[in-house]
Amino acid sequence: EKIPNSYTYNFCKWQLGGNNMAYYSFLEKAIAIDSNRIEHIDYMINIGELQRNLPQRDAYSLKKIQTRQMSAGMMYYNYNVLIGLEKNAILLTCGDNDTYPAWALQAKGIRKDVKVINLYLLLIKEYREKIFAELGMKDLKVSDEQWADFFKHKLVSQLQANKQQFPVYIALTCMGNQPFAESVQQDLYLVGLTYLYKKESFDNIAILKKNMEQLFALDYLDRQFYDEISTSWVKEINRNYIVPMIKLYQHYTDSGEGQKKAWIKEKLILVSQGTEDEETVLKYIN
């Protein structure tokens, strides 16, 4: 209160408001006082997404990269997530590390056709209604009381029934503790770092091979020509490569593709090294 015209005062007033847009003028004033500060960047990305003001989301996502607040390893990982999706895909994500880097890549012009939807943001009714409307689901009315049940049992299937028939993918990062996928597990097909929801069976190994062999940028796993700001978190998220790589390792073994088997074995050892999965992976491939 002693420094009412400072960045700190106005930013703290916004934070103490608990993301209440009634306090947004304080955030705007803080930015006007010192736009070079970094504390407000994530808030402005979030507000851009919640209001579906994608130019704002993109501008602050680029600023997050420019101010070295974005992990290069996370960018590579999320590039591989996005690049393996069909055109106009819907991608469901669950946290910071599978959402902010994906938005940042889109801000740089990569896979802007994909609609990246963070599941926790869908808890906000106004945002949920905007997203459902964009997908042509205008008649879908879900009250706050009904939302928990809808989220657990109907979300994925309802999203797949979108007016444009866009394909729905679930990021592997969501599969550990999310009940929303339980009711559709029999219709989820591993195609890389995502599961594709599909009612008809299809050859997902062919898609997995194409993604891993032709589309994914994997050199960063063993040749890092950049400074990494989140080494431990990148190692953790890279564990998601293990299951698809094991699927391919088994496929190469069965099909007698020795050179490709050796290639994927090397990558498997890399992504599991120093993690709690290392012993299990080594036992499997040996």
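Keep in mind the model is a prediction, meaning the values are calculated, not measured.

**Student:** Any details on the packing of helix H12 (residues 242–255) against helix H14 (residues 278–285)? Residues and values, ideally.
**Tutor:** Contact geometry of H12 with H14 gives a least axis separation of 12 Å together with a crossing angle of 5°. Regarding the angle of H12 to H14, the classification is roughly parallel. In this structure, H12 contributes Ile242, Ile246, Tyr249 and Gln250 to the contact, and H14 contributes Val281, Tyr284 and Ile285. Across the contact of H12 with H14, the residue classes tally to 6 nonpolar, 1 polar and no charged.

**Student:** Summarise the sheet that holds strand S3 (residues 168–171); cite the residues concerned and give the values.
**Tutor:** A sheet is described by the order of its strands in space; here 5 strands give the open sequence S2-S1-S3-S5-S4, paired in mixed fashion. Looking at which strands have only one partner, the edges of the open sheet turn out to be strand S2 (115–118) and strand S4 (188–190). Pairwise comparison of adjacent strand axes, ignoring direction, gives a mean angle of 30° for this sheet. The pairing of strand S1 (residues 90–93) with S2 spans 4 bridges and is parallel. In the strand pairing of S2, leucine 91 is matched with valine 116.

**Student:** Please give an account of the state of the cysteines that cites residues and values.
**Tutor:** For the structure on display, the rule yields 1 disulfide. In this model, cysteine 94 is linked to cysteine 174 through a disulfide, with the two sulfur atoms separated by 2.1 Å. A torsion of 120° about the S-S bond marks the disulfide between cysteine 94 and cysteine 174 as right-handed. One end of the pair, cysteine 94, is in the loop between S1 and helix H6 (100–107); the other, cysteine 174, is in the loop between S3 and S4, with 80 residues separating them in the sequence. Owing to a relative accessible area of 10%, cysteine 94 belongs among the buried residues under this scheme.

**Student:** Break down helix H3 (residues 41–50) for me, citing the residues and quoting the values.
**Tutor:** Three or more residues of H3 are buried, namely Ile41, Met44, Ile45, Ile47, Gly48 and Glu49. Here the buried face of H3 lies against helix H1 (7–16), helix H2 (24–33), helix H4 (54–66), H6, S2 and helix H7 (125–134). Arginine 52, located one to two residues past H3, shows a positive phi value of around 60°.

**Student:** Describe the packing of H12 against helix H13 (residues 258–272), with residues and values.
**Tutor:** Where H12 meets H13, the axes come as close as 9 Å, and the angle between the chain directions of the two elements is 155°. The pairing of H12 with H13 is recorded here as roughly antiparallel in orientation. Where H12 crosses over H13, the handedness of that crossing is left-handed. On H13, the residues touching Ile242, Met245, Ile246, Leu248, Tyr249, Tyr252 and Thr253 of H12 are Lys260, Lys261, Trp263, Ile264, Lys265, Lys267, Leu268, Val271 and Ser272. A class-by-class count of the residues in the contact of H12 with H13 yields 10 nonpolar, 2 polar and 4 charged.

**Student:** Which residues make up the side chain of lysine 63, and what values do they have?
**Tutor:** Along the chain, lysine 63 turns up in helix H4. Buried and unpaired, lysine 63 has aspartate 34 as its nearest opposite-charge partner, separated by 7.4 Å. Those residues in contact with lysine 63, other than ones at most four positions away along the chain, are Ser35, Asn36, His40 and Ile41.

**Student:** Now, about the nonpolar core: what can you tell me, with residues and values included?
**Tutor:** Counting residues in each nonpolar core, the largest one holds 84 residues, and the members touching the most others are Leu91, Leu92, Leu119, Leu155, Phe180 and Tyr241. No other element matches helix H5 (residues 72–83), which puts 6 residues into this core. Dropping the residues within four chain positions of it, leucine 119 is found in contact with Leu92, Thr93, Cys94, Phe151, Leu155, Cys174 and Phe180.

**Student:** A description of the packing of aromatic side chains should follow, citing residues and the corresponding values.
**Tutor:** Following the criterion strictly, the structure yields 15 aromatic pairs and no others. Members of the aromatic cluster, each reached through a chain of ring pairs, are Tyr7, Phe11, Trp14, Tyr24 and Tyr43. In this arrangement the basic side chain of lysine 64 is found over the ring face of tyrosine 100, its NZ or CZ atom lying 5.4 Å from the centre. If you follow lysine 198 out to its NZ or CZ, it ends over the ring of phenylalanine 202, 5.6 Å from the centre.

**Student:** I'd like a description of unusual backbone geometry, backed by residues and values.
**Tutor:** Of note in the backbone geometry, arginine 68 takes a positive phi value of approximately 60° without being a glycine. Here arginine 68 lies in the loop between H4 and H5. Positive phi values are uncommon outside glycine, yet arginine 111 reaches one of about 50°. Relative to the helices and strands, arginine 111 is located in the loop between H6 and S2.

**Student:** An account of the pairing of S3 is requested, with residue identities and associated values reported.
**Tutor:** Of the two faces of S3, both are covered, the one formed by Val168 and Ile170 as well as the one formed by Tyr169 and Ala171. In the sheet, S1 pairs with S3 via 3 bridges, with the strands oriented parallel. By the bridge assignment, leucine 91 is partnered in S3 with tyrosine 169. Relative to strand S5 (residues 194–197), S3 runs antiparallel, the two sharing 4 bridges. The partner of isoleucine 170 across the bridge, within S5, is tyrosine 195.

About the cut-offs
- Residues numbered from 1 in each chain as written.
- Predicted model: local features only at pLDDT ≥ 70, side-chain atom pairs only at ≥ 80, totals over all residues.
- Heavy atoms only, no water.
- Axes fitted to C-alpha atoms, helices over the stretch in contact; angles between N-to-C directions.
- Helix = DSSP H or I, 4+ residues; strand = E, 2+ residues; numbered from the N terminus.
- Parallel < 35°, antiparallel > 145°, perpendicular 65-115°, else oblique.
- Contact = heavy atoms within 4.5 Å.
- Nonpolar A, V, L, I, M, F, W, Y, C, P; charged D, E, K, R; others polar.
- Pairing = 2+ DSSP bridges.
- Disulfide = S-S within 2.5 Å.
- Buried < 20%, exposed > 50% of the residue type's maximum accessible area, 1.4 Å probe, protein only.
- Left-handed = near helix turned anticlockwise from the far one by under 90°.
- Lys, Arg positive; Asp, Glu negative; His and termini not counted.
- Salt bridge = Lys/Arg side-chain N within 4 Å of Asp/Glu carboxyl O.
- Core = buried A, V, L, I, M, F, W, Y, C linked by side-chain atoms within 4.5 Å.
- Phe/Tyr/Trp six-rings, centres within 6.5 Å; stacked < 30°, edge-to-face > 60°.
- Lys NZ or Arg CZ within 6 Å of the ring centre and 35° of its normal.

So, to be careful, I would describe these as geometric facts and stop short of saying anything about function.
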